[in-house]
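Commentary on secondary and tertiary structure
What follows is each chain in one-letter form.
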Amino acid sequence: MTTYKELVMSKFMQTTGVDLPVKEIKGQRVVSYKQIAELHQVPVKNLQYNFNYNQKHFIEGTDYFKITEQNPHTKNFMVSKLYFTESGYLMLVKSLTDDLSWAVQRELVNGYFRGEMLEKVLAFLPRKVQKVIYYRSLGLTQKEAGLLAGMSKDSVKRVERRLKGLGYKAPNLSGKRSHFKEKQLEVAL
């Protein structure tokens with residue numbers, strides 16, 4: 001079975017079209033200007049302007065990390081790069097309000113920044129609950145996930161309500177498929 005982390009990153013790649021490798025600094029997941037610009041389909045300069053204009057509101061070590069590293073193109077020079085934590089990312093993209101940005105923000109917060117917390121909790125959950133989470137993240141409805149996990153649709157609903165307090169965001173609560181691919185169902189079955 002695919003790990004939750006691999007599944008989320010795969011789903012994230014399908015949704016946004018951007019590969020987002022996990023990078024952590026001091027135990028916190030971070031993203032760079034370039035990654036944010038690719039995800040939101042905006043120029044890096046816009047994000048840099050937003051940061052510079054509002055820098056007084058950002059706290060180094062909490063909202064972002066400034067890392068000095070060797071320039072990969074010219075080994076003689078050092079460059080400073082900014083990497084944003086979840087709070088820094090949300091502050092930086094606050095001005096981006098188009099539909100794509102709203103969707104990307106939800107995916108990034110739930111799938112990337114908070115994914116590690118859920119991964120840790122998953123190991124302690126009963127196997128049936130792990131299966132429900134796995135099948136639902138593939139895009140299956142509550143009924144389909146329940147059938148594959150050996151549970152009723154109502155049991156799946158109860159599991160999802162209990163997990164909500166842990167930061168779990170159940171996909172398509174309406175029971176309808178949103179970004180589902182038929183091939184995924186064939187693989188799951």
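The following refers to the structure shown. Residue indices follow the written sequence of each chain, beginning from 1 at its first position. For this predicted model, a pLDDT threshold of at least 70 governs which residues receive local features, and a threshold of 80 or more governs which side-chain atom pairs are given and counted, while totals over whole chains, interfaces and linings are taken from all residues. By convention in this description, side-chain values take in all heavy atoms of the structure and omit both hydrogens and water.

Before going further, it helps to spend a moment on the side chain of Asp63. Put simply, DSSP marks the helices as runs of H or I at least four residues long and the strands as runs of E at least two long, and each gets a number from the N terminus on. The residue Asp63 is located in the loop between helix H3 (44-53) and strand E4 (64-70) in this model. For the buried Asp63, which has no salt bridge, the nearest side chain bearing the opposite charge is Lys94, at an N-O separation of 11 Å. Contact criterion: two residues are considered in contact whenever any of their non-hydrogen atoms come within 4.5 Å of each other. Those residues in contact with Asp63 that sit more than four places away from it in its chain are His57, Phe58, Tyr83, Phe84, Thr85, Ser87, Gly88 and Met91. Buried, partly exposed and exposed residues are distinguished by accessible area as a fraction of the type maximum, computed with a 1.4 Å probe on protein chains only: under 20%, between the cut-offs, and over 50%, respectively. Charge counting treats Lys and Arg as positive and Asp and Glu as negative, with His and both chain ends excluded. Within this document, salt bridges are pairs made up of a side-chain nitrogen of Lys or Arg and a carboxyl oxygen of Asp or Glu, the two lying within 4 Å of each other.

On to the pattern of salt bridges. Scanning the entire structure with this criterion turns up three salt bridges. A salt bridge links Glu69 to Lys81; its shortest N-O distance comes to 3.2 Å. Here Glu69, found in strand E4, pairs with Lys81, found in strand E5 (residues 78-84); they are 12 residues apart in sequence, far enough to count as distant.

Right, let's talk about the pairing of E5 for a bit. Any two strands are treated as partners once DSSP identifies two or more bridges connecting them. Summarising the sheet, strand E3 (residues 31-32) and E5 pair through two bridges and their orientation is antiparallel. Counterpart to Val31 in the pairing with E5 is Phe84. Both E4 and E5 contribute to a ladder of seven bridges, which runs antiparallel. When the sheet's bridge partners are listed, Glu69 is paired in E5 with Val79.

Let us look at the packing of helix H7 (residues 127-137) against helix H9 (residues 153-164). At a minimum axis distance of 11 Å, the contact between H7 and H9 shows a crossing angle of 90 degrees. Taken as axis vectors, H7 and H9 run roughly perpendicular relative to one another. Side by side, H7 and H9 meet where Val129, Val132, Ile133 and Arg136 of the first sit next to Val156, Val159, Glu160 and Leu163 of the second. Think of it as three bins: nonpolar holds Ala, Val, Leu, Ile, Met, Phe, Trp, Tyr, Cys and Pro, charged holds Asp, Glu, Lys and Arg, and polar takes everything else, Gly as well. Considered class by class, the residues forming the contact of H7 with H9 number six nonpolar, no polar and two charged. The convention used is that axes are lines fitted to C-alpha atoms, helices contributing only their stretch in contact, and that angles between N-to-C directions extend from 0 to 180 degrees. Oblique is the label for any angle not covered by the other classes, which are roughly parallel (under 35 degrees), roughly antiparallel (over 145) and roughly perpendicular (65 to 115).

A few words now on the packing of H7 against helix H8 (residues 142-149). Put simply, H7 and H8 touch, their axes get as near as 9 Å, and they point 140 degrees apart. Considered as vectors, H7 and H8 are oriented oblique to each other. When the axes of H7 and H8 are compared, the crossing they make is right-handed. Across the interface between the two elements, Lys128, Lys131, Val132, Tyr135 and Arg136 from H7 touch Gln142, Ala145, Leu148 and Ala149 from H8. Residue composition of the contact of H7 with H8, grouped by class: five nonpolar, one polar and three charged. In this scheme, a crossing is called left-handed if the near helix is turned counterclockwise away from the far one by less than a right angle; it is called right-handed if the turn is clockwise.

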